[in-house]
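Overview (structure and organization)
The primary structure of each chain is shown beneath.
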Amino acid sequence: MESLLVEKAYAKINLGLKVVGRRPDGYHEILSVAQCVDLADVLYFELASSDQLTCSLDSLSPGPDNLVCRAVDAFHAQLGRPAQSFRIHLEKNIPIGAGLGGGSADAAAALRVLNRFYDQPFSNADLRQIAATLGSDIPFLVEGGTALMRGRGEILNKLSWVGAVFYVLAYPEVEISTAWAYGQLGPILTEDSPYFNFIVSLSGGCVDHDRLFEVLENDFTPAVDRAYPIVAELRSQLDRVGARATSMSGSGSTVYGVFDDRKTASQAQSALQRQGCRSFLCQPV
């Protein structure tokens with residue numbers, strides 16, 4: 001497909017995730033270090049007489065409920081001038097329902113593409129405001145990188161990241177509903193933990209990722225492990241092949257291992273692939 005504009009939509013992983021309270025609007029307050037990695041969907045835009053979305057994955061709806069379509073509509077609603085129609089093709093590489101923010105990344109990528117096409121009518125702050133009306137992860141994914149997420153995910157403090165690190169992502173072919181995961185948390189949400197104490201000390205600057213990897217914690221892990229034992233088994237397998245730390249991203253089901261060198265990470269990914277597990281070797285972007 002020859003396209004006017006092409007944009008990558010990078011996945012995110014949560015380097016720990018703490019749920020600290022319920023909000024009056026029904027959302028939950030969270031604390032998390034989120035980071036984009038180089039696993040990405042790709043969006044292709046070309047001019048058309050009417051809007052149309054196609055997708056490389058037949059099971060994904062291309063209708064108006066798709067986050068890409070919703071992002072295009074939200075952008076044009078804010079634009080305040082006649083809008084161009086596009087034919088958009090979405091090439092899916094990020095697993096769905098995996099805790100990697102694939103749909104949110106696609107929506108954020110669509111906002112960036114349209115902002116370029118219309119000669120930057122909106123600042124990044126403006127785009128984040130549009131994104132916040134669409135979903136909790138999307139404001140972070142407008143710019144990506146590494147950031148401390150607070151609130152329901154829309155309050156962001158950028159963090160710098162120094163030094164190489166490699167992630168092996170393992171997807172157990174289990175789609176987990178975010179609503180289900182939050183429903184498993186129970187009535188009591190505790191704050192005090194090494195991860196919580198580390199996170200609240202962050203306000204910007206360079207994150208001490210050695211310390212971060214020592215205190216990784218995801219509040220959704222116990223419930224997901226109980227419902228889907230394969231998730232716990234994949235973390236154990238990554239531990240056995242030399243990961244310095246393991247955790248689950250978002251509400252699952254993807255787990256990841258942290259590695260200091262590419263060779264060990266590549267060997268770990270190869271071992272997962274030999275057993276039929278969909279896996280990815282990634283770095284921060």
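My aim in this report is to walk through the structure given alongside it, one point at a time. (Residues numbered from 1 in each chain as written. Predicted model: local features only at pLDDT ≥ 70, side-chain atom pairs only at ≥ 80, totals over all residues. Heavy atoms only, no water.)

**So, helix α10 (residues 262–274)**
Quick reminder of the rule: Numbering goes from the N terminus for both helices and strands, where a helix is a DSSP run of H or I of at least four residues and a strand is a run of E of at least two. Expected helix span is computed as 1.5 Å times (number of residues minus one). Residues count as neighbours in contact if any of their non-hydrogen atoms are within 4.5 Å of one another. Whenever a nitrogen or oxygen atom comes within 3.5 Å of another N or O atom, the pair is scored as a polar contact, on the condition that within protein one atom can donate a hydrogen and the other can accept it, and that pairs from neighbouring residues in sequence are kept only if both atoms are in side chains.
If you check α10, its first and last C-alpha atoms are 18 Å apart, about what 13 residues at 1.5 Å a residue would give, namely 18 Å. The elements touched by buried residues of α10 are β7 (166–171), α9 (229–240), β9 (255–259) and β10 (278–282). Its side-chain oxygen 3.3 Å from the backbone nitrogen of Lys 263, Asp 261 forms the N-cap of α10. Positive phi appears at Gly 276, one or two residues downstream of α10, with a value of about 90°.

**Let's talk about the pairing of β9**
What counts here: Only protein chains enter the accessibility calculation, which uses a 1.4 Å probe; a residue is then buried when its area is under 20% of its type maximum, exposed when over 50%, and partly exposed in between. Here, a strand pair is defined by DSSP locating no fewer than two bridges between the strands.
Taken across its five residues, β9 has five buried, putting it largely inside the fold. Here β9 shows two buried faces, one formed by Val 255, Gly 257 and Phe 259 and the other by Tyr 256 and Val 258. Taken together, the five bridges between β7 and β9 define a ladder with antiparallel strand orientation. By the bridge assignment for β9, Val 168 is matched with Gly 257. Pairing analysis gives four bridges linking strand β8 (residues 245–248) to β9, with the strands arranged antiparallel. Residue pairing across strands places Thr 246 opposite Gly 257, the latter belonging to β9. Between β8 and the antiparallel strand that follows it, β9, lie six residues; Gly 250 among them carries a positive phi value of about 55°.

**A few points about unusual backbone geometry**
Ser 253 follows Gly 252 through a cis peptide bond whose omega is 15°. For Ser 253, the location among the structural elements is in the loop between β8 and β9. Non-glycine residue Asp 119 carries a positive phi angle of around 65°. Position of Asp 119 among the secondary structure elements: in the loop between α2 (102–117) and α3 (124–132).

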